Amino acid sequence: MTMNFLNPVTTQTWTNGRHLVRCVKVIQETWDTRTFCFMAEQPVMFFFKPGQFVTLELEINGEPIMRSYTISSSPSVPYSFSITVKRMPGGVVSNWLHDNLSINDELAVHGPVGNFNIIDYPTDKILMLSGGVGITPLMSMVRWLFDTNAAVDLQFVHSARTPKDLIFHRELEHIFSRIPEFKLHIVCERGDELGEAWSGFRGYLNQAMLELMAPDFMDREIFCCGPTPYMNAVKQLLKANGFNMDHYHEESFGATPMDVQEEVIENVEQAEAEAEEVDAADLVTVEFSSTGKSVKILPSETVHAAASKLGLHIPKACGMGICGTCRVGLSSGQVDMEHNGGITEEDIEEGYILSCCSKPLGDVVVDF
């Protein structure tokens with residue numbers, strides 16, 4: 001038996017950036033969903049805002065791949081964090097994690113980041129709506145509220161395909177049996193198949209169900225996460241009732257939406273056309289201090305694009321200023337950064353930018 005855990009330790013605090021962690025536990029949650037638990041070799045207090053996410057840095061079939069996953073654990077358990085991953089048909093990363101990531105394996109993570117969290121929207125009346133594996137950020141929030149004895153009125157509604165697909169089912173029942181102000185409601189699309197008995201709500205979440213579960217849903221702060229069709233249906237229901245969408249929050253990272261992809265292609269074509277007409281005097285210089293390399297780019301191009309032109313690989317996952325993977329330091333100059341929550345105000349004050357969504361406003365020097 002090892003006694004290392006009794007030794008004096010020097011604890012660090014988790015900050016947004018790149019960190020090496022080790023997988024210490026793998027939990028089979030359902031037939032197709034696993035939780036992977038991580039710790040750092042040197043003790044780190046993994047504090048984050050419940051609902052935030054990390055980006056894994058992986059190598060699959062010889063190719064570097066970045067993928068973002070919500071943290072499903074709570075910062076009230078400070079020396080480790082967990083992600084919960086569902087196998088997806090054709091899912092390169094999710095299937096690789098299930099088939100290959102084992103206890104004692106090491107990998108790098110970037111984060112934590114994310115605007116979708118319960119800390120930034122304090123309230124005493126909450127409605128959480130989740131579908132499938134979208135339960136993960138809300139589970140982090142529930143665990144945090146439970147562990148901190150938060151005085152909140154919580155209605156939690158989770159939708160799953162069948163009873164065997166209910167993630168965290170036993171833990172949810174335990175938590176919600178302990179606090180009268182916490183109410184749990186589960187909807188199964190199908191039941192009574194292959195011997196699966198289900199006596200709760202069936203079908204898809206609709207207004208009639210929601211009014212039975214949370215009659216005062218119009219007065220609550222709402223946190224929602226699930227497949228895109230699920231979240232769209234929820235938003236449509238709320239808007240039809242005149243809900244103030246300032247009090248609606250949803251998880252926003254994932255695969256790049258098709259309309260964003262089309263916009264990117266359109267922007268590239270427009271940039272190519274503009275490049276033929278641009279005057280050399282309009283170009284700005286982007287220098288990368290670690291290599292001494294520099295390149296002139298259009299004012300409409302990003303710092304990440306400048307790096308690519310020089311063959312420099314700044315890690316990137318989302319390309320939309322959400323995941324925070326492409327964070328770099330800005331030594332001099334100014335940029336126009338249109339991010340989507342992938343960087344904190346503290347990071348910005350310390351001189352960091354997200355290269356994927358930062359356009360130079362003049363000549364700049366980047367720490368890379």
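Just so you know, these numbers come straight off a predicted model, no measurement behind them.

1. Looking at a nonpolar patch on the surface
Reasoning step 1: A grouping of Met39, Met45 and Tyr79 is seen on the molecular surface, where their side chains present a nonpolar patch of about 230 Å² in accessible area.
Reasoning step 2: With respect to the element layout, Met39 can be found in strand 3 (residues 33-39).
Reasoning step 3: In this structure Met39 comes out as partly exposed when scored by relative accessible area, which is 32%.

2. Regarding the nonpolar core
Reasoning step 1: Judged by nonpolar contacts, the single largest core of 24 residues is most densely connected at Phe38, Leu56, Phe81 and Leu97.
Reasoning step 2: For this core, the secondary structure elements donating two or more residues are strand 2 (17-30), strand 3, strand 5 (53-60), strand 6 (63-70), strand 7 (81-86), helix 1 (92-100) and strand 8 (106-113).
Reasoning step 3: Examining the composition of this core, we find that four residues originate from one element, strand 5, more than from any other.

3. Comments concerning the sheet that holds strand 19 (residues 352-354)
Reasoning step 1: With mixed pairing, five strands are arranged side by side in an open sheet as 16-15-21-17-19. The open sheet is flanked by strand 16 (293-297) and strand 19, the only strands paired with a single partner. Between one strand axis and the next, the sheet turns by 35° as a mean value, whatever way the strands run.

4. Let's talk about the sheet that holds strand 5
Strands in a sheet are paired, the pairing made by backbone hydrogen bonds, and the direction either parallel or antiparallel.
Reasoning step 1: Read across the sheet, six strands follow the order 6-5-8-2-3-7 without closing on themselves; strand pairing throughout is antiparallel. Of all the strands in the sheet, the pair left with one neighbour each is strand 6 and strand 7. Within this sheet the neighbouring strands show an average axis-to-axis angle of 40°, counted without direction.
Reasoning step 2: Two elements, strand 2 and strand 8, share six bridges in a ladder whose sense is antiparallel. Its bridge partner being in strand 8, Leu20 is matched across the sheet by Ala108.
Reasoning step 3: Helix 1 rests against strand 3, strand 5, strand 6 and strand 7 of the sheet, and its axis sits at about 80° to strand 5.

5. Side note on a negative patch on the surface
Reasoning step 1: On the surface, Glu345, Glu346, Glu349 and Glu350 cluster together to form a negatively charged patch.
Reasoning step 2: With respect to the helices and strands, the residue Glu349 is situated in helix 8 (residues 345-349).

6. Topic: the pairing of strand 11 (residues 182-188)
Reasoning step 1: The buried fraction of strand 11 is high, at five of seven residues.
Reasoning step 2: In the sheet, strand 10 (residues 153-160) pairs with strand 11 via seven bridges, with the strands oriented parallel. Residue pairing for strand 11: Ala160 is matched across the bridge by Cys188.
Reasoning step 3: Note that the unit made of strand 10, helix 3 (residues 169-178) and strand 11 has a crossover that is right-handed.
Reasoning step 4: Taken together, the two bridges between strand 11 and strand 12 (residues 201-202) define a ladder with parallel strand orientation. Across the sheet, residue Cys188 finds its bridge partner in strand 12, namely Arg202.

7. Comments concerning the packing of helix 2 (residues 135-147) against helix 3
Reasoning step 1: At a minimum axis distance of 11 Å, the contact between helix 2 and helix 3 shows a crossing angle of 35°. Taken as a pair, helix 2 and helix 3 cross one another with a handedness that is left-handed. Along the contact surface, helix 2 presents Ile135, Met139, Val142, Arg143 and Phe146, while helix 3 presents Glu171, Leu172, His174, Ile175, Phe176 and Arg178.
Reasoning step 2: Considering only residue class, the contact of helix 2 with helix 3 consists of seven nonpolar, one polar and three charged.

Conventions used here
Residues numbered from 1 in each chain as written. Predicted model: local features only at pLDDT ≥ 70, side-chain atom pairs only at ≥ 80, totals over all residues. Heavy atoms only, no water. Patch = residues over 30% accessible without salt bridge, like charges linked within 9 Å, V, L, I, M, F, W, Y side chains within 5 Å. Areas by Shrake-Rupley, 256 points an atom, 1.4 Å probe, with all protein chains shown as cover. Salt bridge = Lys/Arg side-chain N within 4 Å of Asp/Glu carboxyl O. Helix = DSSP H or I, 4+ residues; strand = E, 2+ residues; numbered from the N terminus. Buried < 20%, exposed > 50% of the residue type's maximum accessible area, 1.4 Å probe, protein only. Core = buried A, V, L, I, M, F, W, Y, C linked by side-chain atoms within 4.5 Å. Pairing = 2+ DSSP bridges. Axes fitted to C-alpha atoms, helices over the stretch in contact; angles between N-to-C directions. Contact = heavy atoms within 4.5 Å. Lys, Arg positive; Asp, Glu negative; His and termini not counted. Charge placed at Lys NZ, Arg CZ, Asp CG, Glu CD. Right-handed = clockwise from strand over helix to strand, strands pointing away. Left-handed = near helix turned anticlockwise from the far one by under 90°. Nonpolar A, V, L, I, M, F, W, Y, C, P; charged D, E, K, R; others polar.

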